[in-house]
Amino acid sequence: MINITDINERIKTDFGDKASDAFEILKDAVVKTDYLNHQRIIRCIIFLSDKNIEKLKSNIQTAINDPRDV
């Protein structure tokens, strides 16, 4: 799933001690919704989340509804 170095590093940097939670949330979303498994969409979700787990969840839901919205 998320095996791209820059994405992994951004998650670690942005979410710090909650990075493992962020990885799990993203992994679960990608497993459930395969069309989210694109580097561009994942990068957009992370960027828009602004280092906030709740925003991450919200942006994932937005992307599930319509990936063009992220």
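Refer to the structure above for everything that follows.
Residues numbered from 1 in each chain as written. Predicted model: local features only at pLDDT ≥ 70, side-chain atom pairs only at ≥ 80, totals over all residues. Heavy atoms only, no water.

> So what's going on with the overall build of the protein chain? Residues and values would help.
Along the backbone of the protein chain there are four helices and zero strands. Mapped from its N terminus to its C terminus, the protein chain presents α and β elements in the order α-α-α-α. Relative to the 2.2 N^0.38 estimate, which gives 11 Å for 70 residues, the radius of gyration of the protein chain is 11 Å and therefore close to what a compact globule would have. In terms of overall dimensions, the protein chain has C-alpha extents of about 30 × 20 × 15 Å along its principal axes. A fraction of 57% describes how many contacts in the protein chain between residues 6 or more apart in sequence connect residues 24 or more apart. Surface exposure of the protein chain reaches about 4400 Å², of which carbon and sulfur atoms provide 47%. The centroid of the 11 positive side-chain charges in the protein chain is displaced by 2 Å from the centroid of its 12 negative side-chain charges. (Helix = DSSP H or I, 4+ residues; strand = E, 2+ residues; numbered from the N terminus. Rg over C-alpha atoms; globule rule 2.2 N^0.38 Å. Contact = heavy atoms within 4.5 Å. Areas by Shrake-Rupley, 256 points an atom, 1.4 Å probe, with all protein chains shown as cover. Lys, Arg positive; Asp, Glu negative; His and termini not counted. Charge placed at Lys NZ, Arg CZ, Asp CG, Glu CD.)

> So, the packing of helix α2 (residues 19-32) against helix α4 (residues 53-65): which residues are in play, and what are the values?
Where α2 contacts α4, the two axes come as close as 11 Å, and the packing angle between them is 10°. Considering their axes alone, α2 and α4 lie roughly parallel with respect to each other. Of the residues in α4, those touching α2 at D21, A22, I25, L26 and A29 are I53, L56, K57 and I60. Within the contact of α2 with α4, the residues separate by chemical class into seven nonpolar, no polar and two charged. (Axes fitted to C-alpha atoms, helices over the stretch in contact; angles between N-to-C directions. Parallel < 35°, antiparallel > 145°, perpendicular 65-115°, else oblique. Nonpolar A, V, L, I, M, F, W, Y, C, P; charged D, E, K, R; others polar.)

> Pulling in residues and values, what's your account of the pattern of salt bridges?
Evaluation of the coordinates by the stated rule reveals seven salt bridges. The partner of K12 in a salt bridge is E9, and the shortest N-O contact between them spans 3.8 Å. Of the two residues, K12 and E9 are both situated in helix α1 (residues 5-15); the distance of three residues between them amounts to about one turn of the helix. Under the relative-accessibility criterion, K12 is labelled partly exposed at 45%. (Salt bridge = Lys/Arg side-chain N within 4 Å of Asp/Glu carboxyl O. Buried < 20%, exposed > 50% of the residue type's maximum accessible area, 1.4 Å probe, protein only.)

> Now, about the nonpolar core: what can you tell me, with residues and values included?
Counting residues in hydrophobic clusters, the biggest one holds 18 residues, and the most contacted among them are I11, F15, L26, I45 and L56. Those elements that place two or more of their residues in this core are α1, α2, α3 (39-49) and α4. Of all the elements, α2 adds the most residues to this core, at five residues. In this view, I11 contacts G16, A19, A22, F23, L26 and I46; residues no more than four positions away in its chain are not counted. (Core = buried A, V, L, I, M, F, W, Y, C linked by side-chain atoms within 4.5 Å.)

> Account for α3, with residues named and values stated.
Among the residues making up α3, those that are buried are I41, I42, I45, I46 and S49. One side of α3 carries all its buried residues, which in axial view fall inside an arc of 130°. When the buried face of α3 is taken as reference, the exposed residues oriented beyond 90 degrees from it are R40 and F47. For α3, the secondary structure elements touched by its buried residues are α1, α2 and α4. Following α3 by one or two positions, D50 adopts a phi angle in the positive range, close to 50°. (Arc of directions from axis to C-beta.)

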